[in-house]
Structures are given as C-alpha cells and as structure tokens.
Amino acid sequence: GVDAAHAAATLDDYTTSRGLDQAPVVGKMEKLPSGVRFVDIKKGSGGGGQEGSRVSLQWVLRRSNGYFVDSSEANKFDPFIFVVGSGAAMRGLDEGIRGMAQGGVRRMTLPVSEGYTLPLDRSGGPVPSGFGPRRQIERELNKVDPYNYFFLEIEVTKVR
C-alpha cells in the first residue's frame, strides 16, 4: 500500500514539474483545508476574484495520472464563465480560484470530492460536452481511491 505522506510527496513532485509549454514551477503547492492544492505559475494583474466576481477562464483538465481529459482549447477556446460562490463551478475550482487576477495562471489538484458530481449535467463546471471526456470523468468518480484527484490548469482571462 501507499502511505499518505508518500502520496502527498509524489503529488507535489508531479504538480511542480515542468508543464508542456511552461518553465519549471517555483515553490510548493499551497494546500487548502478541503484538500485542494494550488500553485501560481503566473500572477495576474488587477483585482482578484472573490465571492460575487464574474470570472472567465481557459482551462485544461487531466486525470490524476496526467492523462488529458478535455480543455477549452479543444472546444474552440470557449471560456468557462461563472460567478464565484454561485455553485456554477466545481467546489474545488470555486475555492481555488479566489484571489486570482486577470492574466493569472494556476495549477490545481482537486480531490475527487471537490470536483465533479453525478449526474454530470447538474455538476459544477467546466463540464465537457463530448461523450469521451464525460465518460472519463464518470469513471474517475466511480473509483474508490483516496489518492484520486483531478488536475486542472486555469488561466483567468477576465474578472468583473
């Protein structure tokens, strides 16, 4: 079996490693009480998103093994737009986006419990529209694995 300390250390190694088009990330991930972890890759400018802010973002979603699920780029760069605190976003994303400003890029890991909920049509977003990505998410949700998480990279394109 894998102990929790080893799993956490591995998670930090994985999530602070080099992205495909990113320089190495500096620093460790911050961990929120819910288990959501994040690290800022690029700081934005202007006011940060908070309860009631309307936020637009581009996103890339991966499974905990790093396998690509879906992205806004794969959907004609259609942004995910939501009001922070409204319940329109996954709980972990809603929590993890707070304080981010326009132009900011953040890498997050969301425990499955802070990610999508079933049925997907009623889940907080961004919810992929394609059958394949939705099927992958449903499979992740049906696994009973305490070390399972969703890996999300987001870029805030607008905060109002």
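Keep in mind that this is a model prediction, so the values were computed, not measured.

Remarks on the environment of Q102
Next up, step 1: Mapped onto the secondary structure, Q102 falls in strand β7 (residues 101-102).
Next up, step 2: Judged by its relative accessible area of 38%, Q102 falls in the partly exposed class.
Next up, step 3: Residues Q102 and G48, 54 residues apart in the sequence, show an inter-C-alpha distance of 7.5 Å.
Next up, step 4: When near neighbours in sequence (up to four residues on either side) are disregarded, Q102 contacts G44, S45, G47, V156, T157, K158 and V159.

What about the pattern of salt bridges?
Next up, step 1: Evaluation of the coordinates by the stated rule reveals 10 salt bridges.
Next up, step 2: Across the pair R91 and E114 runs a salt bridge whose closest N-O atoms are separated by 3.0 Å. You can see R91 sitting in helix α2 (residues 91-96) and its partner E114 sitting in the loop between β8 (105-111) and α3 (131-142), a full 23 residues away along the chain.
Next up, step 3: Overall, E114 belongs to the buried group, its relative accessible area being 11%.

Quick notes on the nonpolar core
Next up, step 1: Membership of the largest hydrophobic core comes to 26 residues, with the highest contact counts inside it found for L93, I97, L152 and I154.
Next up, step 2: Elements with a minimum of two residues in this core: β4 (54-63), β6 (80-83), β8, α3 and β9 (149-159).
Next up, step 3: In contact with I154, other than residues within four places in its own chain, are L57, Q58, W59, L93, I97, M100, G104, V105, R106 and M108.

Brief notes about the confidence of the model for the protein
Note: predicted coordinates in regions of low pLDDT should not be interpreted at a detailed level.
Next up, step 1: For the protein, the average pLDDT comes to 85, and 83% of its residues sit at 70 or higher.
Next up, step 2: Confidence drops under a pLDDT of 50 for residues 6-16, and excluding neighbours within four residues, the segment shows 24 contacts in the predicted structure.

Things to note about unusual backbone geometry
Next up, step 1: In this model, L118 is joined to P119 through a cis peptide bond whose omega is -5 degrees.
Next up, step 2: Here P119 lies in the loop between β8 and α3.
Next up, step 3: A cis amide bond, omega 5 degrees, links G125 with the succeeding residue P126.
Next up, step 4: Not every positive phi belongs to a glycine, and K76 is a case in point at roughly 60 degrees.
Next up, step 5: Its location among the elements puts K76 in the loop between β5 (68-71) and β6.
Next up, step 6: The phi torsion at F77 lies on the positive side, around 55 degrees, for a residue other than glycine.
Next up, step 7: Of note, F77 is situated in the loop between β5 and β6.

Description of the pairing of β9
Next up, step 1: Bridge count between β4 and β9: nine bridges; the pairing is antiparallel. Its bridge partner being in β9, S56 is matched across the sheet by K158.
Next up, step 2: Examined bridge by bridge, β8 and β9 share seven bridges and lie antiparallel to one another. Bridge pairing links P111 to Y149 in β9.

Considering the side chain of R106
Next up, step 1: Here R106 is to be found in strand β8.
Next up, step 2: For R106, a relative accessible area of 5% puts it in the buried group.
Next up, step 3: A distance of 2.6 Å separates a polar atom in the side chain of R106 from a polar atom in the side chain of D40.
Next up, step 4: Look past the residues within four positions of R106 in its chain and what remains in contact with it is F38, V39, D40, I41, G96, I97, R98, M100, L152, E153 and I154.

The rules we used
- Residues numbered from 1 in each chain as written.
- Predicted model: local features only at pLDDT ≥ 70, side-chain atom pairs only at ≥ 80, totals over all residues.
- Heavy atoms only, no water.
- Helix = DSSP H or I, 4+ residues; strand = E, 2+ residues; numbered from the N terminus.
- Buried < 20%, exposed > 50% of the residue type's maximum accessible area, 1.4 Å probe, protein only.
- Contact = heavy atoms within 4.5 Å.
- Salt bridge = Lys/Arg side-chain N within 4 Å of Asp/Glu carboxyl O.
- Core = buried A, V, L, I, M, F, W, Y, C linked by side-chain atoms within 4.5 Å.
- pLDDT = per-residue confidence, 0-100.
- Pairing = 2+ DSSP bridges.
- Polar contact = N/O pair within 3.5 Å; in protein donor to acceptor, adjacent residues only side chain to side chain.

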